[in-house]
Amino acid sequence: MTLRADARRNRDLLVAAAIAVVAEEGPDASLNEIARRAGVGPGTLYRHFPTRDALLAAVFEGRLSRLCEQSEELAAAKPPGEALIAWLRLLTVHAMTDKGLGARMMVPTSAAGVDCWAMLRTAAERLLLPAQREGSLRPDVDFTDLVELTAGIARSAPGPARADRLLTLTLDGLRAGHTDGTREPRT
């Protein structure tokens, strides 16, 4: 179903307002505040997004789609190892700004029927596998490792500069040639 121009505008205003409010307050942000910032009434919000999860899905999937597009752009523009590192930095920033939204939306199928986990896996593996073939990343690192490491950094870092430092340290440990964790512990 195609939306009328005014309905499309209202929907776009709601998503833009939700992006801002969720970035400030997290996924439990006030829906009334989102409607107020969009300049529409709560009824308009609920006509477009009958549930909180439907609105959050629109916010998250839009941001995630852009992140996935960036993996394609980086894969085309940079050597594999550099592309992966640049994208992981973007993923970390993405995770820092979603304030728990990603954890809420990374389910097999979101409220809008999109598999966000599969989208993220495709984007990450587009960069991960070539970086491993190139020899710039340990062969035992997988997609889940990368997502969990970046999410942990995003949750624990007090700001972008600290997150970048933690990511740099983590990536140093993921480079090819580092131990795969099978060596005996020191006594």
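This structure is a prediction, so every number in the text was calculated from the model and none was measured. Residue positions are given per chain, counting from 1 as you read along its sequence in written order. Selection of residues for local features in this predicted model requires a pLDDT of at least 70, selection of side-chain atom pairs for listing and counting requires 80 or more, and totals for whole chains, interfaces and linings are taken over all residues. The basis for every side-chain value is the complete set of heavy atoms in the structure, and neither hydrogens nor water enter the calculation.

Trainee: Residue-level account of the overall build of the protein, with values.
Mentor: Runs of H or I in DSSP of at least four residues are treated as helices and runs of E of at least two as strands, each being numbered from the N terminus. When helices and strands are counted, the protein shows nine helices and zero strands. Helices and strands in the protein line up, N terminus first, as α-α-α-α-α-α-α-α-α. Burial status across the protein gives 38% buried among its 187 residues. Counting contacts in the protein only where the partners sit at least 6 residues apart, residues at least 24 apart contribute 66% of the total. Here the Shrake-Rupley method, with its probe set to 1.4 Å, supplies the accessible areas, and only the displayed protein chains count as covering residues. Summed over its atoms, the accessible surface of the protein is roughly 10200 Å², and 54% of this surface lies on carbon and sulfur atoms. Buried means the residue's accessible area, taken with a 1.4 Å probe over protein chains only, is under 20% of the maximum for its type, while exposed means over 50%, and partly exposed covers the values in between. When checking whether two residues touch, look at their non-hydrogen atoms; a contact exists if any pair is within 4.5 Å.

Trainee: Summarise the pattern of salt bridges; cite the residues concerned and give the values.
Mentor: Salt bridge, as used here, is a side-chain nitrogen of Lys or Arg placed within 4 Å of a carboxyl oxygen of Asp or Glu. Using the criterion set out here, one finds eleven salt bridges in the structure. For Arg4, the salt bridge is made with Asp6, and the minimal N-O distance between the two is 2.9 Å. Of the residues examined, Asp6 reaches a relative accessible area of 35% and is grouped as partly exposed. One connected set of salt bridges, linked through shared partners, spans Glu24, Glu33, Arg36 and Arg37.

Trainee: Just give me the short version of the nonpolar core, but keep the residues and values in it.
Mentor: Buried Ala, Val, Leu, Ile, Met, Phe, Trp, Tyr and Cys residues form a nonpolar core when they are joined through side-chain atoms within 4.5 Å. Membership of the largest hydrophobic core comes to 28 residues, with the highest contact counts inside it found for Leu64, Leu84, Trp87, Leu88, Leu120, Leu137 and Leu146. A total of seven residues in this core trace back to one element, the largest contributor, which is helix 7 (residues 116-134). Look past the residues within four positions of Leu88 in its chain and what remains in contact with it is Leu146, Thr150, Leu167 and Leu171.

Trainee: For the packing of helix 8 (residues 143-156) against helix 9 (residues 160-174), give the residues involved together with the corresponding values.
Mentor: Running from N to C, helix 8 and helix 9 cross one another at 155°; their axes reach a closest spacing of 9 Å. The angle between the axes of helix 8 and helix 9 places the two elements in the roughly antiparallel class. Crossing of helix 8 over helix 9 shows right-handed handedness. Residues Leu146, Leu149, Thr150, Ile153 and Ser156 of helix 8 lie in contact with helix 9, whose contacting residues are Ala163, Leu166, Leu167, Thr170 and Leu174. Ten residues, namely Ala, Val, Leu, Ile, Met, Phe, Trp, Tyr, Cys and Pro, are considered nonpolar, four, namely Asp, Glu, Lys and Arg, are considered charged, and the remaining ones, Gly among them, are considered polar. Residue composition of the contact of helix 8 with helix 9, by class: seven nonpolar, three polar and no charged. Comment: axis = line fitted to C-alpha atoms, over the contacting stretch for helices; angle = value between 0 and 180 degrees taken between N-to-C directions. By definition in this entry, angles of less than 35 degrees are roughly parallel, angles greater than 145 are roughly antiparallel, angles of 65 to 115 are roughly perpendicular, and the rest are oblique. Crossing chirality is assigned from the near helix's rotation relative to the far helix, an anticlockwise turn below a right angle marking it left-handed and a clockwise turn marking it right-handed.

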